[in-house]
Amino acid sequence: MHEIVNGWRRIIQAWLYPPTCVLCGDPGSEDRDLCSPCSAALPVRRRGCSRCGANLSVERDVVCGRCQQHPPFFDATFALFDYEEPVRHLIRGLKFHRRYAYGRLLGGLLAEHMASHPEHRPELIIPVPLHPVRYRERGFNQTAEIARELWRQLGIPVDAETVCRVRSTTAQAGLSADERRTNIRHAFRLVRPCPQRHVALLDDVVTTGATVNELAKLLKNSGVERVDVWCCARADRSSPGG
Ligand SMILES: [Zn+2]
Ligand SMILES: [Zn+2]
């Protein structure tokens, strides 16, 4: 029944609001607000370090030297795009200008990518939480918007309540890797136990991984066996990311 209602909803929506490319205004393709040429031009990320997603000069599925020396608390990173235009425009448009259509698009593209890796399907998705003060200022959590689309398309439960942000940190952009780690330390708290064994942390942009590592530490220490990181874009250290 759910499927039928969903099917009808899609047909009516497509008739009322035909998909339109958010980048160029042409008709969208495959029910998305993105046309085929714009889709083909997106900066799809090459597979880097399987653990942290850092760029590597080799294409193979390897772990970078940094992760070998200081393994992060998370087990794997799945990054869809490089943090470059026009992905940067989409992420910033959602975050700072409430372009919810951008969130649906990014979530839909990430869902499609992760659907092709069913072996990595987690039991739960946890979007990186905002501090309550920041949440009140912004009125929404951009990562939770992306997570909503993942739930809709993949059916993986999303939980925005198990962890909360207890410390308001200065923006991570512009800080060195060491400063980011210090800045984010003890920023989160576990509100309730997490019974799931395999969890994916979702962030819009990952740069050094300091934020998701702090969250992964909390979850691992509470008994979660596997923590993956999913992100729409992976910024390299020189670029300004979150
Ligand atoms: Zn287009
Ligand atoms: Zn690595």
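A brief look at the structure comes next. What you see is a predicted model; the values in this text were computed from it and never measured.

Attention shifts here to the coordination of the zinc ion (ligand 1). Bound to the zinc ion (ligand 1) are the protein donor atoms C21 (SG), C24 (SG), C35 (SG) and C38 (SG), situated 2.3 Å from the metal. C21 gets classed as buried once you look at its relative accessible area, which sits at 4%. On the basis of relative accessibility, which here comes to 41%, the residue C24 falls in the partly exposed class.

At a minimum axis separation of 8 Å, helix 5 (residues 100–115) and helix 7 (residues 142–154) run at an interaxial angle of 45°. Overall, the two elements helix 5 and helix 7 adopt an arrangement that is oblique. Here the hand of the crossing between helix 5 and helix 7 comes out right-handed. Contacts from Y100, G103, R104, G107, G108, L110, A111, M114 and A115 in helix 5 reach E145, I146, E149, L150, R152, Q153 and L154 in helix 7. Of the residues assigned to the contact of helix 5 with helix 7, the class counts are eight nonpolar, four polar and four charged.

Of the protein atoms, only C49 (SG), C52 (SG), C64 (SG) and C67 (SG) coordinate the zinc ion (ligand 2), at distances of 2.3 Å. Classification of the site at the zinc ion (ligand 2) rests on its four donor atoms, whose angles at the metal span 103 to 114°, yielding the label tetrahedral. Counting gaps between the donor residues of the zinc ion (ligand 2) yields the pattern C-x2-C-x11-C-x2-C. Taken together, the residues C52 in the loop between helix 2 (36–40) and helix 3 (65–69) and C64 in the loop between helix 2 and helix 3 connect sequence positions 12 residues apart. The exposure class assigned to C52 is buried, which follows from its relative accessible area of 9%. A relative accessible area of 10% means that C64 is categorised as buried.

Read from one edge of the open sheet, four strands run 1-6-5-2, paired in parallel fashion. With one partner strand each, in any of the chains shown, strand 1 (76–82) and strand 2 (124–127) form the two edges of the open sheet. Adjacent strand axes in the sheet meet at a mean angle of 20° when their direction is disregarded. Relative to strand 6 (residues 226–234), strand 1 is paired through six bridges, and the arrangement is parallel. Among the inter-strand pairings, F81 is bridged to a residue of strand 6, identified as A233. Across the sheet, helix 7 lies against strand 2, strand 5 (198–206) and strand 6, angled at about 130° from strand 5, the strand it touches most.

Structurally, S50 is set in the loop between helix 2 and helix 3. We classify S50 as buried; its relative accessible area is 16%. With residues up to four places along the chain from it excluded, the contact list for S50 reads D61, V62, V63, D75, A76 and T77.

Each value, and the rule that gives it
Position numbers for residues count from 1 along each chain, tracking the sequence in the order it is written. Chain labels run from A onward and ligand labels from 1 onward, assigned in the order the entries are written. Totals for whole chains, interfaces and linings use all residues, but because this is a predicted model, local features are given only for residues with pLDDT of at least 70 and pairs of side-chain atoms are given and counted only at 80 or more. No hydrogens and no water enter the side-chain calculation; it runs on all heavy atoms of the structure. Nitrogen, oxygen and sulfur within 2.8 Å of a metal are treated as its donors, or within 3.2 Å for sodium, potassium and calcium (Na, K, Ca); water is not counted, so a site can appear incomplete. Throughout, exposure labels follow a simple rule: accessible area from a 1.4 Å probe, protein chains only, divided by the maximum for the residue type, with under 20% read as buried, over 50% as exposed, and the rest as partly exposed. A fitted line through C-alpha atoms serves as each axis, taken over the contacting stretch for helices, and the angle formed by two N-to-C directions is quoted from 0 to 180°. Runs of E in the DSSP output that reach at least two residues are strands. Runs of H or I that reach at least four are helices, and both are numbered from the N terminus. Note on terminology: angles under 35 degrees are roughly parallel, angles over 145 are roughly antiparallel, angles of 65 to 115 are roughly perpendicular, and the others are oblique. By convention the crossing between two helices is left-handed if the near helix lies anticlockwise of the far one by an angle smaller than a right angle, and right-handed if it lies clockwise. Residues count as neighbours in contact if any of their non-hydrogen atoms are within 4.5 Å of one another. Three categories are distinguished: nonpolar for Ala, Val, Leu, Ile, Met, Phe, Trp, Tyr, Cys and Pro, charged for Asp, Glu, Lys and Arg, and polar for the others, with Gly belonging to the last. Only two sets of limits are used to name each site, 85 to 135 degrees for every angle of a tetrahedral four-donor site, and over 155 degrees for opposite donors with all other angles from 65 to 115 for a square planar four-donor or octahedral six-donor site, with any other site named irregular. Whether two strands pair comes down to DSSP finding at least two bridges between them.

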